[in-house]
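So the chains spell out like this:
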Amino acid sequence: MLIANFTQRDEEIEVEGLWQYDYGQKLQINGLDLPAVFEVHFAYKGLEKAIPQTGYTQDGVSVVDIPNSALAQPKTISAYIYLSDASQGETTNKILLYMNKRIAPEGFEAPADVDLFHHTLEAVNEYAERTAESEKSAAAWVHGHEDYPDREEDNAAYYAGQAKESAEHAGDAVYEISGQVKDAKKSIDAYVAQKEHDLKGETGNVYFAAFKVVNGRLIMYSDPTVDKVRFTRVGSRLKYRLAL
C-alpha cells in the first residue's frame with residue numbers, strides 16, 4: 001500500500017514505490033480528515049478522461065484503490081482528491097504517483113477494475129448498522145428495550161426515583177440542620193442577653209473601657225475606679241459625666 005501524507009489542503013505531493021503491472025494496489029491518504037466517502041480521479045498522459053474511484057474512511061484511515069488499468073501503463077499517474085455534495089464539487093489535493101517501469105510478464109492481463117462504489121456502500125451500510133445498534137443499546141440502558149430482556153426495567157424512571165429519594169433524605173438533613181441552627185441561635189441570644197445584663201449591672205449603669213498612658217504605653221482599663229467617664233441611664237436616655 002502506498003501512503004500519501006498531507007499537511008494541508010490544496011497541497012501537491014509526490015509518492016514513489018509503484019511498480020508497473022502490480023495490480024490491486026491501494027493508496028492511503030493521511031492528514032486531510034476526509035469524509036466517510038470521497039472520490040479520487042486518476043489520470044495519466046494520453047488518457048482522454050480521468051478514471052473516478054470511490055474511496056472510504058474508516059476509523060480515521062482513508063483508502064482508495066488505484067485503477068488496474070492505470071497500473072498496466074508506464075507513465076506517472078496523477079491522482080486528484082475530489083470532494084463533492086449535492087450542490088458543488090471541489091478538487092482539494094493532488095498526488096503524483098511515479099511508476100517504476102518494467103517488462104510485462106508473459107500472458108499478463110490486467111484484471112477489470114472492481115466496482116468500488118458498491119463496496120464502499122457496503123462499508124457505509126455496515127457502519128450505519130453498528131451506529132443503530134449502539135443507539136438501541138444506549139436506549140435500552142435508559143428506557144429498557146424488548147431486544148434486551150435484562151434491561152426491561154425503565155432505568156430512567158428507576159434513576160429518577162433514586163434521585164427523588166436522595167432529595168428527600170437531603171431535605172430531612174436540611175430540616176435537622178435547620179433545627180440545630182435555631183437551637184444555636186437561641187443559645188447565642190441567651191449568651192448576649194446575659195452579657196448585656198452583666199454590662200449594665202443591677203442599676204442599669206454602663207461602664208466602658210478607659211484608656212490611659214502609663215510610662216509611654218497605652219493601657220486599656222475596665223475598672224470604673226480608673227475610668228473617668230460615667231454613664232447613667234435616666235428613663236430612656238443615657239447621660240454621662242466626667243469623674244474629676
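For the structure itself, consult the block above.
Structure report, in brief. Since the structure is predicted, the reported quantities are computational estimates derived from the model, not experimental observations.

A few points about the nonpolar core
Here is step 1 of the chain: Ranked by internal contacts, the top residues of the largest apolar core, which has 25 residues, are Leu-27, Ile-29, Ile-95 and Leu-97.
Here is step 2 of the chain: When residues of this core are traced back to their parent elements, those giving at least two are strand S1 (2–5), strand S2 (12–19), strand S3 (26–30), strand S4 (37–43), helix H1 (68–71), strand S7 (77–84) and strand S8 (89–100).
Here is step 3 of the chain: Residue contributions to this core peak at four residues, all from S7.
Here is step 4 of the chain: Once residues lying within four places of it in the same chain are set aside, the contact partners of Ile-29 are Ala-4, Phe-6, Leu-34, Phe-38, Val-40, Ser-62, Val-64, Ile-81 and Ile-95.

What to know about the pattern of salt bridges
Here is step 1 of the chain: A complete count under the given rule lists one salt bridge for this structure.
Here is step 2 of the chain: Two residues, Asp-65 and Lys-26, come together in a salt bridge whose shortest N-O distance is 2.8 Å. Residue Asp-65 is found in strand S6 (residues 61–65), and its partner Lys-26 is found in strand S3; the two are separated by 39 residues along the sequence.
Here is step 3 of the chain: Given the relative accessible area of 14%, Asp-65 is considered buried.
Here is step 4 of the chain: Taking relative accessible area as the criterion, Lys-26 reaches 30% and is therefore assigned partly exposed.

Calculation rules
- For every chain, the first residue of the written sequence is number 1, and numbering continues from 1 along that sequence.
- Since the coordinates come from a predicted model, pLDDT governs what is reported: local features require at least 70, and pairs of side-chain atoms require 80 or more to be given and counted, while whole-chain, interface and lining totals use all residues.
- Side-chain metrics rest on all non-hydrogen atoms present in the structure, leaving aside hydrogens and water.
- Only buried residues count toward a nonpolar core, which is a set of Ala, Val, Leu, Ile, Met, Phe, Trp, Tyr and Cys residues joined through side-chain atoms within 4.5 Å.
- Residue exposure (1.4 Å probe, protein chains only): buried if accessible area is under 20% of the type maximum, exposed if over 50%, otherwise partly exposed.
- Working definition: helices are DSSP H or I runs of at least four residues, strands are E runs of at least two. Numbering for both runs from the N terminus.
- Contact definition: two residues touch when any of their heavy atoms are within 4.5 Å.
- A side-chain nitrogen of Lys or Arg and a carboxyl oxygen of Asp or Glu constitute a salt bridge if their distance falls within 4 Å.

These figures capture arrangement, not role.
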